[in-house]
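Each chain, letter by letter, is given below.
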Amino acid sequence: MKFKNKLYTILGAGILLTTSACDSFLDVNENPNSPEDAPISGLLTNSTYETSLNVQRIGSTTSNYVQYLASPNPGSSSDTMDPVNFSGTWFSLYNVMTDLNEIIRKAEESGANHYLGAGQILMALNLGMTVDIFGDVPFSESFNFETVTPSYDNDEELYVQVISLLDQGIANLQEETSISIGADDFIYGGSIDNWIKLGHSLKARFLLHTKGTSTYNENEVLAAVASGFQSNEDDATVTFFEQRFNPWAQVAINNANLLLGGWISEQFVQALDGTSYPTVDPRLPLMIGTTDEGEFVGTVNGAGRGDAPEQGARSTLIPGQYYTSTTSPLLIATFAELKFIEAEVALSSDPGRAYAAYLAGIEAHMDMLNVSEEDKQAYLADPSVSVGAGALTLDDIMKEKWVAMFLHPETWNDARRFDYAYKDMTTPENLNPDLNGNYIRRLAYPDSEVSRNGANVPEVTLLDRIWWNQ
Amino acid sequence: MKKSYAYSLLFLMGLLCFNPLYAQVSVSGTVTTSGDGLPLPGVSIVVEGTTQGAVTSIDGTYTISAPSTESVLVFSFIGYETQRRTVGNNSTINVVMSEEASELNEVIVTAFGISQEKKALGYAAQSIDSEAITKTRQQNVVNALQGQVAGVQVTNSGGAPGQSARIIIRGINSLDPSANNQPLFVVDGVPVDNSTVESGGTPRGMSNRIADINPNDIESMSVLKGAAATALYGVRAANGAVIITTKKGKEGQIRVDFNSSLGFDQLVKKPKLQDEYGQGFSGERNDTSFWPSWGANIADENDPDYVYQDNWTRAFDTGIQFDNSISVSGGNEAATFYGSFGRLDQNGIIPFSTWDRTSAKLSGTIKVSEKFNFSGSMNYINSGGNRVPHDRFLERMMYWAETQDVRDYINEDGTMRTYGNTNPIYDARFATYEDNVNRIIGNINLNYSPTDWMTLSYRLGVDNYSDSRTEITPGPKGIDGERPLSSTGFIEETRINSRDITSNFYITLQKEWNSDWNTSLRLGNDIFERKFDRVTATGSNFVIPDFFNLNNTSQIFASQGKSIRRLVGFYGDLMVDYKNFLFLNVTGRNDISSTLPKSNNSFFYPSVNLGYVFSENFTLPDWVTFGKLRASWAQVGKDTNPHILGSFFVSPGVFPLDGQVGFSRNSTFGDPNLRPELTTSLEFGAQFAFFNNRVNLDVTYYKTNSKDQIIPVPISDATGFSSYITNAGEIENRGWEIVVGGTPIEKGNFRWDVSANLTSNTNEIVGIREGIEEIVVGSQFGYAGSRVTMILQEGQAYGNIFGSSYVRPGAPEGTTELDRSLPQLIGANGFPVRTGEQLILGNAVPKFFGGLRNDFTYKGFELSFLIDFRAGLQQYDQFGNFLSAFGKQEDSERRNDFVVFPGVLADGSQNTQEVWLGQGEGPDGVNYGAGYWRNYYRGVSENFVKDADFIKLRNITLAYNLQPSVIERTPFRTARISLAANNIILSTPWDGFDPESFSAGAGGNAVGFTGLGFPGVQSYFVTLNLGL
C-alpha cells in the first residue's frame, strides 16, 4: 500500500506540474511570418501602386464598352456587354480602401497630416471609381468588422463623401506633418504640391460627373480646374518597373505569345485613320500596331476575328509603345483630361476658354506621346480639328477626350454621360439581348458579393443608371 | 477544467484495488508451440474462477499456485487456441499451444502500437501484412493500400517516380478547401509526417513524405477508420490513422534476407489521337506554324518531310526501377536486433524524371530484467530526384507539331532545336527541379513493470527532415539565333526544415478479476511539437550563362515562412472483457492546442465501443463458426493551423520594387474566439464466419458528422477582409463497408484464398453559414470559357464540378444541374449554342469503390491478383480540352465532314441544317472561321467533364518458392522468384491517359481536375528474395 501511495503522489504531482507548465509551453502562437502592424510608409507604397492598377483593371473592361479594344473571340462577354463577374476588381478596390483606411487611422493618431491627406485623396479616388461603375456600394459599415454582411450605401450620398474626402485631403496636405512622404510614394515621390493638384483635379473629375444634377455648380468645377494640374509634368502616374512590367505591356507581350488580348476595336482605328473623320491622326501609329502588311485594321466589337488568323492580320497593342512599354507609366489622372474637363464645363458660358482648353488638351496628349512638332501642328491646323471657338461642340471635345484618354476607365463615365454618341459608334454585334439594343449603363454586382452578402446586394439590371447618369 | 480531468483520471486508477489470495498447490511447466516446438513466452495462465494468474517467461516456463487439485488452469495467448488443464496430482503441466487457424483471431495493432485481438474490438479495423504490401511492388506505401482495405480510397496523383498518392478514409470531413483530409501515419507508435510540399511554380509531382519509408521494412499496416479507433491519438488522427509496424528481430538464429527487384514502366493508356493531319492552319501546310495539327492532310502531301511522327508514343521513355534491400535480424533471450539497408533507383517515363531513395534502419530491443525492457529504432532516409515539369511537358506536347520529330530537340552547341515552338524534351532536360531530403525517424521506448499488474511506458519519437530544393531554368547562352527557355533564367533555392517530436508516457494497469472479468486501464500523457521553417531565395538573370549559382544572378528575392505547433494531451482508456465474449472499451482524452485561443484551447472528447461475440455466448448451428456484433460512438476534437488568429499585415510578393517594400493588411481574419471542431462518429458492424472459416463476412455502417468546422468563410471584401476563419458549417459522411473473404478451396497442396471489399460513401454538406452560399475549392483552366470550378454548396455533396454547357431549352427554370438527356439548342448558324451559366456537370468523389484479391498456392507456386475499381464519379479532362483546341484528337479526323447537329432550333423544330466542321471556307462556300472545335467545342466545359470510373488489374504476381527438398542443398533458408505486373488491364469509359491522376497533388482537395498531369503507368517486375 505504501508503494501505491507514493506512486499516486508522484503521478499527481507530475500531472499538476505538467498542466501548469503547459501554459507557457503552449504559448507559441504569435505569428512569426507576418507582423501585426505595418509602417504607414509601406502601406502608402502599396496603396499608390495598387491604385494605379485599379485604374488599369477597370480600364481593361471599360475599354471594350467604349470600343478602344475588341475581343478576338466572337460574342465575348466584355464586348457584348453581358454581365461579367467582377469579383477580382471588386476585391482589389476594397483591398486598397482597407489599407487606406489604416493609413488614415494611423495618420490621425500620429499627426502625419501629409499621409492623412494623401490617404484621403486616394480613398476618394478608389471609392469614386467604385461608385461610378457599381452605383450603391458598402462603405459606412466597411473596414470595422462589426458585421460580415455590410449594408449598401446610396451612391449619391457616397459622392458627398468622395468630395468631402478630397476637400479634407487637400486641407490636410497643407498642414504641418509629423512624418514626411518620400520615395514610398510611387505616384509623386513625396511632392506635396502635386498631391494637392491631384486633389483638385480629381474634384474636377468627380464634380463633372454631376453635370445635369441639381448639385452641379460650374464655377466650383472651374475653381478646381484652376488649382489642378498645370502641365503634363503634374500628371498622376505610376511608372512601372523592370521587376514588374506595366500590365498593358504584359497584355501586348501575352498577345504576341498567342495568349490573345489587346485587340483594337474597328471603331478606334476608323476614328483615327481618316475613315470616320477627315483627318489621319498622327497618334495612331504611336498607340497601336499594324498588320503584317503594315495596315491598321480593327476588329468589330462582338464579332471576333472571323477567319483572321490569331496573329498578323489585325491591329493590336504591341510591346514597346507609349502605353505598352515594360516600364510605361499607368495614368491615373492627366493634365490633358483636366483640359477637356475645362473645355466641357466652360463650353456654354465661355466658348473661348473652352476652345483654348480643347486645343491644349489635344496638345498635352500629343506631347505625352512625343508626336513630332510638325505632325502636331499639321493636325491642329486641320479644319476638322481647329473648328474655332464659335463652332466648337461637345462632340468635338468628347471625341478628342476619348482619344486622349485611351484605355482609361474615365472614358466610360464620359460615354454614359454622352449617351455613347461618338461618331459612327454602334452597339456591338451579338449585343446582350437583355439590353434591348441599348448600351450598358453599369456593371453587375460581382458573384463574390452575391454569394457572400446576397441579402444586401441591390437588385439591378445593366440598364439601371447610377445616380449621376439619370 | 484541465486539472479536474487529471483528478478524475487518478480517481479511475483508484478503482483498481487488489485483494490477493493465498495458494495451496504449486504447478510448473513449459508452454511450447505446436508448429516449431519452440517455447512460447508471455502466455497467460489463470486459475479458472479466481484472480490468480501467471505469465510464461522468455523460455516458456511458468510456475503457478492453485487453490486445489480440482482447479482448472486456463492457458491463453493471442493468436493461439485457449487450453484448459485440471491440476489433479500433477506438479508439472507442459502445454502445447496451437495457432488458431482462423483469421478471426488475427491480431491488430491499434493505438500506441498495442497489439489487440481483432475479436475484442468494438469497431472496424483492417490490416495488411508484409507480403500483401511488398507484393504490390509499390514504392509508396500509401499505394500498397490501394483496393485492399474497405473504406479507404487511395488515388495516385500521377505516374512520376516518387509522386504523391492521396488517401482518404470514409470521405472528406472538412469544408476547408485547404484542409488536410488524410489520416495520421504512425510508425512503431510514433506519428510521422506525411505532408506533401508541392513546388511553387508549375506542378512537379512531389512526394508525400511517407514515401520515404522503405516498404521492405514493414511488418504490417493497420487502418483505423472511425474516430473510435483513433481517440487515443487525439486531434491529429481525426481523419483516421494508418498504423505501421516495422519488422523486428526474433529470438534465434541470425537471419539475412535479400530482396532485389527490377521493374519497367510504360505508359498505360493514352487518348485517341488523329494521325492524318499535320502542321499548319485552315488545312494548309506550314512548317513553321505555331499550329501543330490544323494543317494539310499528310497523305495528300506525300512528302517525307511531312509525315506523322507518332510523338505521343516516342516522347515517353520506358521507365526503369531497380530496388535492392538487405536486412539482418536476430537475437537472444535478452536482446533482439533488426538492421536493413535499401536502395531504390527509378527513372520515369517522361525523359529525365528520376527519384531515388536510400534507407538505413536499425532497431533493437533489450530486456534488462523481467521488470524492465527498452527498445529503440533509428531510420535514416535520403530521397529525392529530378522532378520534371510534367504539366508544362504535356502542354508543350500539345503545341508540338505532329509532323516534327519531338526527339530531335538539341543542337550541337546545346541550344534548343526547334521550328519555333518550345520542345518539351529540351525543357524537361534543362528546366530542372531537384529535391534532396535527409530524414531521420527515431524512437526510444522504455517499459517498466514494478508489479505484474502495472507497467509504466515511455516513448519518445523524433521525425526530423531537411528538404533542400534547387530549381534552375537557364537563360540565353548568348548564341545567335538560339531559342532560350527563359529570357533571363533563374535559380531558386528552397530549404525546408521540419521537426516533429512526440513524447508519450502511459501507465497500464491490468487486472484479471476472475475467469469472467478482465480489465485493463491505460492512462497517459502525450506531447507533440512540430517546427517548420522554409527559406526560399530566387536569383534571376544569370551574369555568366549556364553558371548556376545565386551569386551569379543580378536580382535576388528571398522569402521565409515558419511555424510552430504544440499539443498536450491527457488520456484514459479502459477495456473490460467479460467471459471473452463481451468487450467494452471506454476512452477519454483532453487535448490542449497552441493553435487555438487560450480561452478555448483545452477540449475533452470521449468514446465508447462494445463488441459482442454471440457465437461464444449461444450455441449456433454448426455451420456458423463465429458471429459478432459491434457498436461504437466516438467524438474527436480538432484544432487548427498555427498562427492564424487575428489579423496581420503582409508584404505582397511583388515587393521590393525600386527598393521600397509595400505592406497590405492580410485579407484573412482569424476569429479570436475560435473553438475546436468536433467530429462525432457512429458505427455499427457485424462479423460472421461460416463453414469452419471457409467464408467470412464483415459488414459495417458508419455515419460521421463534423460540426463547428474551422473554415475560412468567404466574406464580403467590403468588410476589409475576404476570408474569416471561424467555426461554421457541418459535413456528413455515411456509408457501408463490406468485406467478404474466405478459402473456397483447400485440398491437398492446393489452396485458394479470396478477399473482396466494397465501400459506398454518401457525403452531404449539411450547412455552411447563414448568408454564405458557397465555398470554392479550386478551379482549372479551359479554353474560351470552359474553365471549371469545384464548389461546395449547402445540401449538396462534396466535389461538384461547375462549368459552361450547351443550352437546353427543355431544362426547367432555375435548374442547377446539367441534364444531358435533354436536346441541345442549335443556333441559326447550325451549331449548338453555348451558355456560360455555371451548372453542376459532375461530381469528383466516387460513390463506390472496392477491391478483390485472389491468392492461389500449389506447392511452391503462388498466383495472386488484385483488382480494384471505383465508380460514380466525373472528372474534368484538361487534356481533352487542349487536344480539341489544337486538332489532335481522333474526332478531328472528321474535319472535312458535313454534319447535322442533333437538337432543336429556337422555334422548337428539329435542326436539319448541314454544317461543315473544318476551318476557313467550306465546300458550301460558307466561311467557318477557325472551325467547329475551336469556335464551339473547346469552349464548353460539359464536353470535358466525363465519367472517370475504372476497373484495374492493380497487380498480378506469379511466384515460385524453392521447395524444402531443393533448398536443403543450397546455402539458403528460403528462395523465391516472382514475376509481377501492375496496372496492365485498365477498363474505363475515360478517353485520355489513366484517369487516376489529378493535378493538385496529394495535399490538395480539388481532386476533380486532371490538369496536364504525369500520365499513369503500367509496370512489369521480376523479383528475387533470398533468405540465409
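Since we're looking at a predicted model, the values are computed, not measured.

Rules of the game
- Residues numbered from 1 in each chain as written.
- Chains lettered and ligands numbered in written order.
- Predicted model: local features only at pLDDT ≥ 70, side-chain atom pairs only at ≥ 80, totals over all residues.
- Helix = DSSP H or I, 4+ residues; strand = E, 2+ residues; numbered from the N terminus.
- Rg over C-alpha atoms; globule rule 2.2 N^0.38 Å.
- Buried ≥ 20, exposed ≤ 12 C-beta atoms within 10 Å, placed from the backbone.
- Contact = placed C-beta atoms within 7 Å.
- Pairing = 2+ DSSP bridges.
- Axes fitted to C-alpha atoms, helices over the stretch in contact; angles between N-to-C directions.
- Nonpolar A, V, L, I, M, F, W, Y, C, P; charged D, E, K, R; others polar.
- Parallel < 35°, antiparallel > 145°, perpendicular 65-115°, else oblique.
- Left-handed = near helix turned anticlockwise from the far one by under 90°.

**Student:** For this particular structure, what's the right way to read the overall build of chain B?
**Tutor:** Within chain B one finds eleven helices and 53 strands. By the compact-globule yardstick of 31 Å for 1028 residues, chain B fits well, its C-alpha radius of gyration being 32 Å. Taking all 1028 residues of chain B together, 49% fall into the buried category. Long-range pairs, those at least 24 residues apart, make up 67% of the contacts in chain B with a sequence separation of at least 6.

**Student:** Looking at this structure, I do not really get the sheet that holds strand β14 (residues 190–192) of chain B. What am I missing?
**Tutor:** Backbone-to-backbone hydrogen bonds join strands into a sheet, with any given pair of strands oriented parallel or antiparallel. Residue and element names in this part refer to chain B. If you trace the five strands from one edge of the open sheet to the other, you get β10-β15-β16-β13-β14, paired in mixed fashion. The strands lining the two open edges of the sheet, one partner per strand, are β10 (125–129) and β14. Between one strand axis and the next, the sheet turns by 25 degrees as a mean value, whatever way the strands run. Summarising the sheet, strand β13 (residues 184–187) and strand β16 (residues 241–246) pair through four bridges and their orientation is parallel. Considered in β16, the bridge of valine 186 is made with isoleucine 243.

**Student:** Help me understand the interface of chain A and chain B in this model?
**Tutor:** Many structure descriptions define interface size as the accessible area lost when the parts assemble. Opposite the 57 residues of chain A that make contact, chain B presents 57 residues. Listing elements by their share of the side of chain A that touches chain B, those giving two or more residues are α1 (2–25), α2 (40–65), α4 (87–110) and α17 (447–453) of chain A. Here the element with the most residues in the side of chain A that touches chain B is α1 of chain A; it accounts for eight residues. Per-class residue counts for the side of chain A that touches chain B are 26 nonpolar, 22 polar and nine charged.

**Student:** It is not clear to me how the pairing of strand β27 (residues 517–542) of chain B should be interpreted in this structure. Could you clarify?
**Tutor:** Every other side chain in a regular strand lies on the same face of the sheet, so the side chains alternate between the two faces. Residue and element names in this part refer to chain B. Pairing of strand β26 (residues 490–512) with β27 involves 23 bridges; the strand directions are antiparallel. Among the inter-strand pairings, serine 498 is bridged to a residue of β27, identified as phenylalanine 532. Counted along the chain from β26 to the antiparallel partner β27, the turn is four residues long.

**Student:** Explain unusual backbone geometry to me, please; I cannot follow it from the model alone.
**Tutor:** Trans peptide bonds make up most of the peptide bonds, and negative phi angles are found at most residues other than glycine. Residues and elements named next belong to chain B. Here the bond from phenylalanine 655 into proline 656 is cis, since omega is 5 degrees, no more than 30 degrees from zero. Looking at where proline 656 falls in the secondary structure, it is placed in the loop between β32 (649–650) and β33 (664–665). Of note in this structure, arginine 137 is not a glycine but carries a positive phi near 60 degrees. With respect to the helices, strands and loops of the structure, arginine 137 is situated in the loop between α2 (130–135) and α3 (141–144). By the C-beta count within 10 Å, which is 23 here, arginine 137 ends up buried. Although it is not a glycine, asparagine 693 adopts a positive phi angle of roughly 70 degrees. Along the chain, the position of asparagine 693 falls in the loop between β35 (677–690) and β36 (695–707). Among the residues examined, asparagine 693 registers 18 C-beta atoms within 10 Å and is labelled partly exposed.

**Student:** Quick question: what am I supposed to make of the packing of helix α12 (residues 335–346) of chain A against helix α13 (residues 351–368) of chain A here?
**Tutor:** How two helices sit against one another is set out by the angle between their axes and by the gap between those axes. All names here are of chain A. Contact pair α12 / α13: the axes reach a minimum separation of 8 Å and the direction vectors enclose 165 degrees. Viewed along their axes, α12 and α13 adopt a mutual orientation that is roughly antiparallel. For α12 against α13, the interelement crossing comes out left-handed. Contacts from Phe335, Ala336, Lys339, Phe340, Glu342, Ala343 and Ala346 of α12 reach α13 at Arg353, Ala354, Ala357, Tyr358, Ala360, Gly361, Ala364, His365 and Met368. Looking at the contact of α12 with α13 residue by residue, the classes come out as eleven nonpolar, two polar and three charged.

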